[in-house]
Amino acid sequence: MAGPIRRPRAYLVELGAGLLALVVLNVLLALGDPGLLGVQPHPALLLVAIVASRHGLRAGLVSGLVTAAAIAGCIVARLDHVSWTELRTLQLYGTPLLL
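A quick note: this is a predicted structure, and the numbers were derived from the prediction, not measured.

Draft legend 1. View of the overall build of the protein. The number of helices and strands found in the protein is 5 helices and 0 strands. For the protein, the exposed area adds up to about 7300 Å²; of that, 69% sits on carbon and sulfur atoms.

Draft legend 2. Main features of the packing of helix 1 (residues 10–29) against helix 3 (residues 57–78). Relative to each other, helix 1 and helix 3 sit at 30°, their axes nearing to 11 Å. Judged on the interaxial angle alone, helix 3 and helix 1 are roughly parallel. Taken as a pair, helix 1 and helix 3 cross one another with a handedness that is right-handed. Packed against helix 1, whose contacting residues are Tyr11, Leu12, Leu15 and Leu19, the element helix 3 presents Ala59, Val62, Ser63, Val66 and Thr67 at the interface. Of the residues in the contact of helix 1 with helix 3, the class split is 7 nonpolar, 2 polar and no charged.

Draft legend 3. Fine view of the environment of Ile71. For Ile71, the position within the fold is in helix 3. Sequence separation of Ile71 and Leu37 is 34 residues, and the distance between their C-alpha atoms is 7.9 Å.

Draft legend 4. Expanded view of unusual backbone geometry. Of note, the amide linkage connecting Gln40 to Pro41 takes the cis form, showing an omega dihedral of -10°. A positive phi angle, near 50°, is found at Leu36, a position not held by glycine. Tracing the backbone through its elements, the reader meets Leu36 in the loop between helix 1 and helix 2 (43–55).

Draft legend 5. The confidence of the model for the protein, seen in detail. When the pLDDT values of the protein are averaged, the result is 82; 73% of them are 70 or greater. For the protein, the element scoring lowest by mean pLDDT is helix 5 (residues 91–97), at 63; helix 2 scores highest, at 93.

Draft legend 6. Up close: the side chain of Asp33. When you line up the elements, Asp33 lands in the loop between helix 1 and helix 2. Taking the relative accessible area as the measure of exposure, Asp33 reaches 16% and is therefore buried. Here the side chain of Asp33 touches Leu37 through a polar contact of 3.3 Å, landing on its backbone nitrogen.

Reading guide: rules and limits
Residues numbered from 1 in each chain as written. Predicted model: local features only at pLDDT ≥ 70, side-chain atom pairs only at ≥ 80, totals over all residues. Heavy atoms only, no water. Helix = DSSP H or I, 4+ residues; strand = E, 2+ residues; numbered from the N terminus. Areas by Shrake-Rupley, 256 points an atom, 1.4 Å probe, with all protein chains shown as cover. Axes fitted to C-alpha atoms, helices over the stretch in contact; angles between N-to-C directions. Parallel < 35°, antiparallel > 145°, perpendicular 65-115°, else oblique. Left-handed = near helix turned anticlockwise from the far one by under 90°. Contact = heavy atoms within 4.5 Å. Nonpolar A, V, L, I, M, F, W, Y, C, P; charged D, E, K, R; others polar. pLDDT = per-residue confidence, 0-100. Buried < 20%, exposed > 50% of the residue type's maximum accessible area, 1.4 Å probe, protein only. Polar contact = N/O pair within 3.5 Å; in protein donor to acceptor, adjacent residues only side chain to side chain.

Next up, the structure:
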């Protein structure tokens, strides 16, 4: 017999929907600014705050880490020429981790 079917946690669904909404917002309003990196405070901060207030500390930490990783990926993708030495510096990743 198969075990019970596990559904994804609700905060992961909300986080995915929120990130998708940010991508759509980025494409519609600021196509020349991938990742909305020119907007301060970053709109992902609102997403993290909403998920954390609705689902608690663990969901907030997970959503913060996921959005920080997504923003760090946008920063790395926007760099024209990057060496491995530059990728290993903390300066590139400091801002997304301080969401």
